[in-house]
Amino acid sequence: MAKETLRILDERTNADYSVSVNKGTVRAMDLRQIKTGPEDFGLMTYDPAFMNTASCQSAITFIDGDKGILRYRGYPIEQLAEKCTFLEVAYLIVYGELPSEQELRNWVNEITHHTMLHETTKRFLEGFRYDAHPMGMFISTVAALSTVYPESRNVHDREMRKLQIYRLIGKVPTIAAYTYRHSLGFPYVYPDNDLSYSENFMNMLWRMTEPKYDANPALSRALDILFILHADHEQNCSANVMRAVGSSQADPYVSIAAAAAALSGPLHGGANEEVLKMLDEIGSKDRVPAYIDQVKAGHGKLMGFGHRIYKNYDPRARIIKWAADQVFATTGKNPKLEIALELERIALGDEYFVKRKLYPNVDFYSGIIYQALGFKPEMFTVLFAIPRTVGWLAQWQEMLEDPERKIARPRQIYTGYGERNFVPIEKRTVQKSAAGQ
Ligand SMILES: CC(C)(COP(=O)(O)OP(=O)(O)OC[C@H]1O[C@@H](n2cnc3c(N)ncnc32)[C@H](O)[C@@H]1OP(=O)(O)O)[C@@H](O)C(=O)NCCC(=O)NCCS
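A quick note: this is a predicted structure, and the numbers were derived from the prediction, not measured. (Residues numbered from 1 in each chain as written. Predicted model: local features only at pLDDT ≥ 70, side-chain atom pairs only at ≥ 80, totals over all residues. Heavy atoms only, no water.)

Some details on empty space enclosed by the protein
Applying the stated rule across the entire model yields one cavity of 30 Å³ or more. What the largest cavity holds in volume is close to 30 Å³. Looking at the largest cavity, the residues that line it are Gly-306, His-307, Tyr-310, Asn-312, Asp-314, Lys-357, Leu-358, Tyr-359, Pro-360 and Asn-361. (1 Å grid on protein atoms, 1.4 Å probe; cavity = no way out; pocket = protein on both sides within 12 Å on 5 of 7 lines; lining within 4 Å. Points joined across faces, edges and corners; volume = space filled by probe spheres on them.)

Re the sheet that holds strand 3 (residues 25-26)
Reading across from one edge, 1-2-3 is the order of the three strands in this open sheet, with antiparallel pairing throughout. A strand with exactly one partner marks an edge of an open sheet, and here the two such strands are strand 1 (5-10) and strand 3. Of the pairings in the sheet, the one linking strand 1 to strand 2 (residues 15-22) comprises six bridges and is antiparallel in character. From the neighbouring strand, Leu-9 faces strand 2, where its bridge partner is Asp-16. (Pairing = 2+ DSSP bridges. Helix = DSSP H or I, 4+ residues; strand = E, 2+ residues; numbered from the N terminus.)

Remarks on the pattern of salt bridges
Enumeration over the complete set of coordinates arrives at 20 salt bridges. Here Arg-27 and Glu-404 are joined by a salt bridge, their closest N and O atoms 2.8 Å apart. Of this pair, Arg-27 sits in the loop between strand 3 and strand 4 (61-64) while Glu-404 is found in the loop between helix 17 (380-400) and helix 18 (432-435), placing the two residues 377 residues apart along the sequence. Assessed through its relative accessible area of 46%, Arg-27 is described here as partly exposed. (Salt bridge = Lys/Arg side-chain N within 4 Å of Asp/Glu carboxyl O. Buried < 20%, exposed > 50% of the residue type's maximum accessible area, 1.4 Å probe, protein only.)

Next up, the structure:
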């Protein structure tokens, strides 16, 4: 068997080094020994945006972007979406194994009994302006829970962590539904413990004067599937934030709020909103070829197409497309679907997209479903944050139990001034770079 080492010849000094290779990776700290002299700090790696750096070892989610594979704890996403409920998958992601019947009953029971918000938190939500963005409300309210549960700071106590996990998974749909009701000016609806996770979410969103909410089973199943598909996606931008903030031993509420803030950006959780804008701009099926020509000529991008990791059909997009049909059978077809299908058909047969391995991603169809369910685009990222809370918590827990855990603290390459002497204010001249302030 070939040696699992890398030999490095430093041509600055002619020194020779041997560095271990483990799982296709070298440890950046092993490079520190490579120095030009005793004063040299040692070699570092430079990797803005973590393009080629593994920041942790993780056993939660596996993605093979070339083959279009996504697995949670080893189980293919297609099987989980077909056979499980969202809370069953949540248990798998958090604890590593599918639950037994008894474990699932206890888990569902615990989460169901932590769905209520403290009345002061409800009043806190009422303080937002009528037109506050739901994602800003969601982030702030999750952070505010840190003040309601100060004991959650005890992050090394497993039992305490378990309680916060129940609370967070239980309460995020309540917060999300309250942000929605707030934007419409409707009274908040309390959770109903008789309903499943997604049925209860629908109850808190849409119940009006009826004494008991009767969720449409096709819609609640579709919502459950959407939640399963969005539950985790390994070391993406917000998971990385969760781990970084959590590494300072901040409590899980402020850490989840920080991760949700990362999700709120248009490059992360906001692309499905852009897909809807694009479909609106195209307007009708017959205008699709002209739009594609425009994209190929370098004017704009096909939103919901392409992915940093997937260079094949995003497996989640295929399942969402199927779920869309189930939703439309109940809600009636979203007219934008026809345009989307035509876009996909033409793009997948077009040399430009084939050559660049551009396929529909998860956002291509999710916005169309959300819209058919009656959500405004501003709610889309909040709908993403509910299931992703599960992934963030699993990543956080794994980080806290990692024997190599330390506070996340990258290095930098300093490019500023060397030491210089203080200049009194009367002797300072206006600098070009600061003049526009
Ligand atoms: C997701 C995304 C940011 C990935 O970007 P990336 O991995 O850095 O890929 P690149 O930007 O290097 O793209 C490679 C090539 O494909 C083209 N390309 C990528 N996405 C494209 C799209 N959606 N439409 C048209 N062309 C696209 C690029 O212009 C580039 O072409 P070139 O080689 O001729 O310059 C990118 O595909 C994108 O912006 N997609 C649309 C937004 C979206 O749907 N985001 C949600 C992601 S889940």
